[in-house]
Amino acid sequence: MYPSCSSRLRPLALVLVLVSVGAGCATPVLSIDDERELGDKVAAEALKEPRIIRDNLVRHYIEDLGKRILDAAGPQPFDYTFYVLDDENINAFAVPGGHVFVHTGLILAADNMSELAGVMGHEVGHVVLRHVARSYYRNQGTGILATLVGAGLDMYVGRGTSMVSDLLAMSYVTSYSRDYEREADLFAVGVLPQAGISPSGLPTFFETLAAQGGPNPPPFLSSHPATAERIENTRKAIVELDVGGGLDVDDDGKLEIIQRRIELLTGH
Ligand SMILES: [Zn+2]
């Protein structure tokens with residue numbers, strides 16, 4: 001999936017080697033087929049979620065950015081889907097089968113396209129590196145995914161809460177280990193240059209989030225610990241990767257147009 005002939009790819013290749021070594025341990029992993037099946041169920045429910053932004057401009061912008069990252073990542077076993085969720089909290093998360101949710105709050109908080117792509121690359125990394133699949137069994141007892149598989153979707157009909165809201169609330173979304181976070185960061189740093197995008201937005205976005213920390217840090221921070229270490233690690237990885245110049249930080253004002261569009265649509 002990842003050519004190893006280019007020195008540019010070393011950090012990404014290293015991540016993949018570490019993960020494949022880790023795959024030999026006792027941690028049970030959701031199979032690709034099971035993950036895909038679970039993802040289909042999640043997608044069916046997600047489409048019922050009223051807070052999913054259906055505006056074509058916003059949707060296509062995030063889908064195109066996601067596709068750009070995925071094209072650089074190489075062939076994947078899932079048909080990834082990117083959703084924009086009307087939620088002011090600065091967050092993004094991935095669920096089984098390559099379904100990635102990006103909050104409007106995250107899009108609005110990004111200073112440039114590279115920052116947004118950094119977080120999206122991180123979330124794609126959690127899927128590609130099978131963190132989602134690995135975390136499934138660990139979190140099986142905690143709620144929604146076990147329910148989806150074990151009892152079907154019927155129990156959600158008529159409930160006052162949506163499945164996406166439950167996903168947000170459950171520990172599944174927030175329970176990746178520090179190692180997984182480090183790997184997903186390195187994945188993003190490795191893959192973005194292959195997409196022609198500067199990875200510099202990842203550490204700068206962490207810094208922006210850290211500055212907003214206080215007693216109520218943004219969800220992406222509270223669910224992703226050791227921020228100072230991650231800023232240092234991603235900066236170091238970018239230097240080691242020697243990505244060179246010419247990579248996109250902005251996208252000719254497109255992000256700003258989408259941000260104004262979201263403000264118009266949501267009133268945020
Ligand atoms: Zn993460």
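Quick note: structure is the one above.
A brief report on the enclosed structure follows. Since the model is a prediction, treat every value here as computed from it, not as a measurement. (Residues numbered from 1 in each chain as written. Predicted model: local features only at pLDDT ≥ 70, side-chain atom pairs only at ≥ 80, totals over all residues. Heavy atoms only, no water.)

Some words on the overall build of the protein chain
Link 1 in the chain: Each helix and strand counted, the protein chain has 13 helices and three strands in total.
Link 2 in the chain: Counting every position in the protein chain, which comprises 268 residues, the buried fraction comes to 51%.
Link 3 in the chain: A sequence separation of at least 24 residues applies to 76% of the contacts in the protein chain between residues at least 6 apart.
Link 4 in the chain: For the protein chain, the exposed surface amounts to about 11,500 Å²; the carbon and sulfur share of it is 53%. (Helix = DSSP H or I, 4+ residues; strand = E, 2+ residues; numbered from the N terminus. Buried < 20%, exposed > 50% of the residue type's maximum accessible area, 1.4 Å probe, protein only. Contact = heavy atoms within 4.5 Å. Areas by Shrake-Rupley, 256 points an atom, 1.4 Å probe, with all protein chains shown as cover.)

Looking at the packing of aromatic side chains
Link 1 in the chain: Applying the stated criterion across every chain yields a total of three aromatic pairs.
Link 2 in the chain: Their ring planes at 15° and their centres at 4.6 Å tell us that tyrosine 83 and phenylalanine 101 sit as a pair that is stacked. Placement of tyrosine 83 in strand 1 (residues 81-85) and of phenylalanine 101 in strand 3 (residues 99-103) is noted, with a sequence separation of 18 residues between them.
Link 3 in the chain: Accessibility expressed as a relative area gives 0% for phenylalanine 101, which makes it buried.
Link 4 in the chain: With a centroid separation of 4.9 Å and 10° between ring planes, the pair formed by phenylalanine 93 and phenylalanine 101 is classed as stacked. (Phe/Tyr/Trp six-rings, centres within 6.5 Å; stacked < 30°, edge-to-face > 60°.)

Points about the pattern of salt bridges
Link 1 in the chain: Enumeration according to the criterion identifies 16 salt bridges in this entry.
Link 2 in the chain: Here glutamate 49 ties to arginine 51 by a salt bridge, and the two come within 3.1 Å at their closest N and O atoms.
Link 3 in the chain: Taking the relative accessible area as the measure of exposure, glutamate 49 reaches 3% and is therefore buried.
Link 4 in the chain: Among the salt bridges present, the one from aspartate 185 reaches arginine 230, with a minimum N-O distance of 2.6 Å. Here the residue aspartate 185 occupies a position in helix 9 (residues 178-194), and arginine 230 occupies one in helix 12 (residues 227-241), the gap between them amounting to 45 residues.
Link 5 in the chain: Residue arginine 230 is classed as buried on the basis of its relative accessible area of 5%.
Link 6 in the chain: One network of salt bridges, with partners in common, ties together Arg178, Asp179, Arg182 and Glu229. (Salt bridge = Lys/Arg side-chain N within 4 Å of Asp/Glu carboxyl O.)

Topic: the side chain of glutamate 181
Link 1 in the chain: Within the element layout of this structure, glutamate 181 appears in helix 9.
Link 2 in the chain: Here histidine 126 takes part through its side chain, which lies 3.2 Å from a polar atom of the side chain of glutamate 181. (Polar contact = N/O pair within 3.5 Å; in protein donor to acceptor, adjacent residues only side chain to side chain.)

Some points on the sheet that holds strand 1
Link 1 in the chain: The three strands are arranged 1-3-2 in an open sheet whose pairing can be described as mixed. Taken across any chain shown, the strands that pair with only one partner, and hence form the sheet edges, are strand 1 and strand 2 (92-95). The sheet shows a mean angle of 20° between the axes of neighbouring strands, direction not considered.
Link 2 in the chain: With four bridges joining them, strand 2 and strand 3 adopt antiparallel strand pairing. In the strand pairing of strand 3, alanine 92 is matched with valine 102.
Link 3 in the chain: Relative to strand 1, helix 3 (residues 56-73) is tilted by about 140°, and along the sheet it contacts strand 1 and strand 3. (Pairing = 2+ DSSP bridges. Axes fitted to C-alpha atoms, helices over the stretch in contact; angles between N-to-C directions.)

Considering the packing of helix 10 (residues 201-211) against helix 12
The packing of two helices is summarised by the inter-axis angle and the distance between the axes.
Link 1 in the chain: The interhelical angle for the contact between helix 10 and helix 12, taken along N-to-C directions, is 160°, at an axis separation of 9 Å. Taken as axis vectors, helix 10 and helix 12 run roughly antiparallel relative to one another. Here helix 10 and helix 12 pass one another in a crossing that is left-handed. Listed contacts from helix 12 to Leu202, Pro203, Thr204, Phe206, Glu207 and Ala210 of helix 10 are Thr227, Arg230, Ile231, Thr234, Arg235 and Ile238.
Link 2 in the chain: When grouped by side-chain class, the residues that make up the contact of helix 10 with helix 12 number six nonpolar, three polar and three charged. (Parallel < 35°, antiparallel > 145°, perpendicular 65-115°, else oblique. Left-handed = near helix turned anticlockwise from the far one by under 90°. Nonpolar A, V, L, I, M, F, W, Y, C, P; charged D, E, K, R; others polar.)

Section: the packing of helix 5 (residues 113-128) against helix 10
Link 1 in the chain: Where helix 5 contacts helix 10, the two axes come as close as 7 Å, and the packing angle between them is 95°. Classified by the angle their axes make, helix 5 and helix 10 are roughly perpendicular. Here helix 5 contributes Ser114, Glu115, Gly118 and Val119 to the contact with helix 10, which in turn contributes Gly201, Leu202, Thr204, Phe205 and Thr208.
Link 2 in the chain: For the contact of helix 5 with helix 10, the per-class residue count stands at three nonpolar, five polar and one charged.

So, unusual backbone geometry
Negative phi values dominate among residues other than glycine, just as trans dominates among peptide bonds.
Link 1 in the chain: Here the phi dihedral of arginine 130 falls at roughly 65°; this positive angle occurs in a residue that is not glycine.
Link 2 in the chain: If you trace the backbone, arginine 130 turns up in the loop between helix 5 and helix 6 (131-138).
Link 3 in the chain: Residue arginine 130 is classed as buried on the basis of its relative accessible area of 16%.
Link 4 in the chain: Positive phi outside glycine occurs at aspartate 252, with the angle close to 55°.
Link 5 in the chain: As for its position among the elements, aspartate 252 is in the loop between helix 12 and helix 13 (254-266).

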